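# Breakdown of the fold
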Amino acid sequence: MLLSQFGESQEVFLRSESIVFDRNPDPALDELTELAAVLCGADYAYLGWMDLNRLWFKARYGFKAAEQARDSTACQWMLDTGAPLLIENASEDPRFPPEGISLPGAPPCLSYAGVPLVSSAHLVVGTFAVLALEPNRFTPEHLKLLEVLGRQAMTRLDLYGRIRAQEQAQRARQRSERALAVERCFVAATLDSIPALVTVLDTAGRIVRMNYPCAQLTGLSVAASVGQPFVDEVMEPADRPWAADKLREAAGGQVSGPHETAWRTAGGEKRVSWTLRPLQGPNEEIQYVIVSGQDVTGQRQMEMALHSSEARYREVVENSLGFVFTCSIEGRLTSLNAFTAETLGYRAEALVGRALAELMEPASASAFHDSLRTLETQKEWQGALLLRRSDGIYRRIAFRSRRIELPGERPFILTHGLDLTEQHQAEEALHSAMRQRELILESVGDGIYGIDLEGKLTFINEAGARILGYQPEQLAGRDIHEVIRHSRGDGTPYSRSSSPILQALRRSEPIRMRDEIFLRKDGLEIPVEYSANPLLEEGRVAGMVVAFQDVSERRRLEKMKDEFISTVSHELRTPLTSLRASLGLISSGSLNRRPEKQRHMFQMAIDNCDRIIRLVNDILDFDRVERGRLPMERKPVEAVDLLRMAAAAAHRSTAQANIAIRIEALPAVVNADEKRVLQVLNELIANAIKFSEPGATILLAAQPAASTAAGAVEVCFIVEDQGCGIAPEKLGRIFERFEQGDASDSRAMGGTGLGLALCRSIVEQHGGHIWAESTPGKGSKFQFTLPAATLVEAK
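Notes on the structure follow. Residues take numbers from 1 onward in each chain, read along the sequence in its written order. The model is predicted, so local features are restricted to residues of pLDDT at least 70 and side-chain atom pairs to those at 80 or more, both for listing and for counting; the totals for chains, interfaces and linings are taken over all residues. The side-chain numbers reported here are obtained from all heavy atoms of the structure, hydrogens and water having been left aside.

## Topic: the packing of aromatic side chains
Pairing of aromatic rings covers Phe, Tyr and Trp, the last counted by its six-membered ring, and requires centre-to-centre distances within 6.5 Å; plane angles under 30 degrees mean stacked, over 60 mean edge-to-face, and any other angle means tilted. As enumerated under the stated definition, the model contains 13 aromatic pairs in all. Pairing Phe 735 with Phe 782 gives two aromatic rings, centres 6.1 Å apart and planes at 75 degrees, and the pair type is edge-to-face. Of the two residues, Phe 735 is situated in the loop between α23 (728-731) and α24 (745-748) and Phe 782 in strand β31 (residues 779-787); the sequence distance between them amounts to 47 residues. Just as Phe 735 is buried, Phe 782 falls in that class too. By the ring-pair criterion, three or more aromatic residues cluster together here, those being Tyr 44, Tyr 46, Phe 57 and Phe 63. Secondary structure follows DSSP: runs of H or I at least 4 residues long count as helices, runs of E at least 2 residues long count as strands, and numbering of each begins at the N terminus. Each residue's exposure class comes from its accessible area (1.4 Å probe, protein chains only) as a fraction of the maximum for that residue type: buried when under 20%, exposed when over 50%, partly exposed otherwise.

## Brief notes about the packing of helix α22 (residues 674-690) against helix α25 (residues 755-765)
Here, axes are lines fitted to C-alpha atoms. For helices the fit covers the stretch in contact, and angles between N-to-C directions go from 0 to 180 degrees. Taken N-terminus to C-terminus, the directions of α22 and α25 make an angle of 150 degrees; their axes are 10 Å apart at the nearest point. For the element pair α22 and α25, the recorded crossing hand is left-handed. Side by side, α22 and α25 meet where Arg 676, Gln 679, Val 680, Glu 683, Leu 684 and Asn 687 of the first sit next to Gly 755, Leu 756, Leu 758, Cys 759, Ile 762 and Val 763 of the second. Taken together, the residues of the contact of α22 with α25 sort by class into seven nonpolar, three polar and two charged. If you view the pair so one helix is near and one far, a crossing is left-handed when the near helix is turned anticlockwise from the far one by less than a right angle, and right-handed when it is turned clockwise. Any two residues having at least one pair of non-hydrogen atoms within 4.5 Å are treated as being in contact. By the convention adopted, Pro, Cys, Tyr, Trp, Phe, Met, Ile, Leu, Val and Ala count as nonpolar, Lys, Arg, Asp and Glu as charged, and the other residues, Gly among them, as polar.

## Examining the pairing of strand β2 (residues 54-61)
For a regular strand, side chains alternate in direction, first toward one face of the sheet and then toward the other. Relative to β2, strand β1 (residues 44-50) runs antiparallel, the two being bridged by six bridges. Considered in β2, the bridge of Tyr 46 is made with Arg 60. Between β1 and β2, which follow one another and run antiparallel, lie three residues. Paired strands are those between which DSSP finds at least two bridges. Pairing of β2 with strand β3 (residues 67-69), which is carried by three bridges, proceeds in the antiparallel orientation.

## Quick notes on the sheet that holds strand β9 (residues 197-202)
Spatial ordering of the open sheet is given by β10-β9-β13-β12-β11, a layout of five strands whose pairing is antiparallel. Each having just a single partner strand, β10 (207-210) and β11 (256-265) make up the two edges of the open sheet. Across the sheet, the mean angle separating the axes of adjacent strands is 30 degrees when strand polarity is ignored. Note: β9 against strand β13 (residues 286-295), six bridges, orientation antiparallel. Each residue of the ladder has a partner; that of Asp 202, found in β13, is Tyr 288. Each of β9, β12 (268-280) and β13 touches helix α2 (residues 27-40); the most contacted strand, β12, lies at about 140 degrees to it. Across the sheet, helix α8 (residues 240-251) is in contact with β9, β11, β12 and β13; its angle to β12 comes to roughly 20 degrees.

## So, the sheet that holds strand β7 (residues 111-118)
The strand order across the open sheet built from six strands is β3-β2-β1-β8-β7-β4, with neighbouring strands paired in antiparallel fashion. Strands with a single pairing partner mark the edges of an open sheet, and in this sheet they are β3 and β4 (85-87). Between one strand axis and the next, the sheet turns by 25 degrees as a mean value, whatever way the strands run. Pairing analysis gives three bridges linking β4 to β7, with the strands arranged antiparallel. Among the inter-strand pairings, Leu 86 is bridged to a residue of β7, identified as Ala 113. Seen against the sheet, α2 touches β1, β2 and β8 (124-132) and runs at an angle of roughly 75 degrees to β2. Together, β1, β4, β7 and β8 form the strand contacts of helix α4 (residues 140-166), whose direction differs from that of β7 by roughly 35 degrees.

## A look at the environment of Ala 250
Along the chain, Ala 250 falls in helix α8. Since its relative accessible area comes to 0%, Ala 250 is described here as buried. Separated by 25 residues in sequence, Ala 250 and Thr 275 have C-alpha atoms that sit 9.7 Å apart. Those residues within four positions of Ala 250 in sequence are excluded, and the remaining contacts are Leu 276, Pro 278, Ile 286 and Val 289.

## Some words on the environment of Gly 62
In this structure, Gly 62 sits in the loop between β2 and β3. Remark: the alpha-carbon pair of Gly 62 and Tyr 44, spanning 18 residues in sequence, is separated by 4.9 Å. Sequence-distant contacts of Gly 62, defined by excluding residues within four places in its chain, comprise Asp 43 and Tyr 44.

## Quick look at the nonpolar core
In this text, buried Ala, Val, Leu, Ile, Met, Phe, Trp, Tyr and Cys residues form a nonpolar core when linked through side-chain atoms within 4.5 Å. In this structure, Phe 717 and Phe 784 are the most contacted members of the largest nonpolar core, which totals 39 residues. Looking at this core, the elements with two or more residues in it are α20 (639-649), β27 (669-672), α22, β28 (697-708), β29 (711-720), α25, β30 (770-775) and β31. Looking at which element gives the most residues to this core, the answer is α22, with eight residues. Sequence-distant contacts of Phe 717, that is, excluding residues within four places in its chain, are made with Ala 639, Leu 642, Leu 643, Val 670, Ala 701, Ala 702, Phe 782, Gln 783, Phe 784 and Leu 786. Ranked by size, the runner-up nonpolar core spans 36 residues in total, among them Ala 36, Ala 37, Leu 143 and Leu 149.

## Section: unusual backbone geometry
For the bond from Gly 257 to Pro 258, the omega torsion is 5 degrees, close enough to zero to count as cis. Mapped onto the elements, Pro 258 comes out in strand β11. Positioned with a positive phi, Ser 508 is a non-glycine residue whose angle comes to about 60 degrees. You can see Ser 508 is positioned in the loop between α17 (500-507) and β22 (511-519). The phi torsion at Asn 658 lies on the positive side, around 55 degrees, for a residue other than glycine. Counting through the fold element by element, Asn 658 comes out in the loop between α21 (651-657) and β26 (660-665).

## Side note on the pattern of salt bridges
Salt bridges are defined as contacts in which a side-chain nitrogen from Lys or Arg sits within 4 Å of a carboxyl oxygen from Asp or Glu. Applying the stated criterion across every chain yields a total of 30 salt bridges. A salt bridge links Glu 380 to Arg 400; the shortest N-O distance between them is 2.9 Å. Here the residue Glu 380 occupies a position in strand β16 (residues 380-388), and Arg 400 occupies one in strand β17 (residues 394-404), the gap between them amounting to 20 residues. The exposure class of Glu 380 is partly exposed, given its relative accessible area of 22%. A relative accessible area of 46% means that Arg 400 is categorised as partly exposed. Residues Glu 736 and Arg 760 are paired through a salt bridge, measuring 3.4 Å at the closest nitrogen-oxygen approach. Of this pair, Glu 736 sits in the loop between α23 and α24 while Arg 760 sits in helix α25, placing them 24 residues apart in sequence. Taken together, the shared-partner salt bridges in this structure form one network comprising Glu 260, Arg 271, Arg 300 and Glu 303.

## Observations regarding the pairing of β30
Across the two faces of β30 the burial differs, with Ile 770, Ala 772 and Ser 774 buried and Trp 771, Glu 773 and Thr 775 not buried at all. In the sheet, β30 pairs with β31 via six bridges, with the strands oriented antiparallel. Each residue of the ladder has a partner; that of Ile 770, found in β31, is Phe 784. Adjacent in sequence and paired antiparallel, β30 and β31 are bridged by three residues, among which Gly 777 carries a positive phi angle near 90 degrees.

## Concerning α17
Within α17, the full set of buried residues consists of Pro 500, Ile 501, Leu 502, Ala 504 and Leu 505. Contact partners of the buried residues in α17: β19 (447-452), α16 (480-484), β22, β23 (525-537) and β24 (540-550). Once α17 ends, the next one or two residues include Ser 508, with phi positive near 60 degrees.

If you want it as structure tokens, here you go:
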């Protein structure tokens, strides 16, 4: 509705004032527009008329366009209300695109201030506006300035109307003089009506015009000041040289300021913030320099009062016996009291600017960063953190932090702290003493538990609970005799009355028992040894402490040792018996007439000697491997050559057993000790022969196991037989020392149980690994890997 009324009112006004509202430039309005831009610090300014479709510019500053579509201007929103409009940041205003307010021939602007132009008939006929590229350039004071200038513009237009009414009766010269007088009055009224300090200077720095507020401040007469050097009249002597230089720069077309200096005034010295702006004439030459300023004396006095208050507060903080410091939202120290610096062993200035997290151990630094995130949404945070002194010692500090927000400043964090190091150390010492018993209990591998006078469990360590198959918390408070079902070595259970532990508790005496049995949670019997001692509290028996040990592994090793001794004895006795018999027959002379039989006896003696030597060598080699003293002489060797040498070494044995050997090998070179690898292959082939039936075939194979672009990385060797196989439950243990597929094998087939363990040690010492796959009744497949030789090594 307002837009419609505006269009109708403007149409009537334009018809009646068609001479005024033309597109011809008006130097006075151009200067007025330029003055508005200078005084408001704007990048662009215009005075224009608007109809229903367009805004066209009568006067403009900073751009050259003649008109603009109405719907793309900011003025249309001002005319909606008929009131002045201030837009501080157009990018945040939903009425405009994100880039800002468009202006033909100029970049988008983010700041806008405009006032409507109202005729003497109270009709809105146009707009007077300034724009800036940056946001927040204009304030409500600038709107007041534009209103003053706008009224002056409309006054000028009204005067133009009256002048035109008299032009028919007056000569052209009279009209020009009247216009000039009006213009001078307009400029004078404008300068005197604005609150800022404004002085117009010529390019030589002499005063041309001084507005009333400036004359009132300096105590100079407006008329008497004309032609006087501005710098000499206003500035203090110390500021005059550089101020004169700034004036010369402004006369050359350079904007200068803001500067802040002391001005000589009628009431004494005043602090003034001032700026120099050059003003061009019609021929684009600098004609004047405008000095615009503001009296900031009161503001500076307030700042001094604030600094005084801060100094008093700082005294209070510095004398505090607690931590007091401030830091940025990012956690960097901005100030701290002397107590904080002294406690940490630094000078205060050495800490300012440092990230507080740098003085913390990692866990405290992480907690500190969490507190910063908390303070982004909450006002306060409390907690204890470790701060590192300059000597590396950590202090535990209890912090209370608050986020402080002051007008016009970035938020910061104020923190008060109290050193709790000694208190914490005392608490830690108490906690350490309480934990000492637990740590001792948990550090031993034996089971330890305690019972009260009723036989109920009061504590048990992790090892003890694990041996019994429980978690410690599952046993708390239970009758331990019912849990472990204590029994003798032959399996006869103890009753509560006959239990050695409970009897020792009743007699208050220590005991030590062997070959006893405890029962696990899963029903498995555990052979144990234990000792029980009374638990004294203030000289009285309060319970019993029992330390027990699972001896299952020890018994298994003792059994393996016995089997090994028996096996080795058998392995030595058998060839020695045969050797003794062979040598006895030969020495008796009974075979002198039978040379073939005599040679057979010699060969049998040699074979049995070799068997004994191999047995002794296996034992010695295993001992050297266990001690890490088995020598290795590695060199590149073809895998197929190793298989052929192993097959050749086993030829006599395979021929006697009627067993064939088949070799399948892909080209591969390993970096290994030839003698030791043959020792592994001979052991595996000997086992394959031992457990294969006549007519069977043993496969010897070698192939790359893993490779890269540069070649093979490992080579896998395979020894596969068609024998009886290995039981699944034995397969995982056959490479352990003293282990065999079956204990009876040591009697039927011979062997000490060290061969495969020695094979594993040799392979692992080469950097490979060995394993077995087997199906009972179908045979076994032994495989091991060795590192492949590099191309350089192979060459």
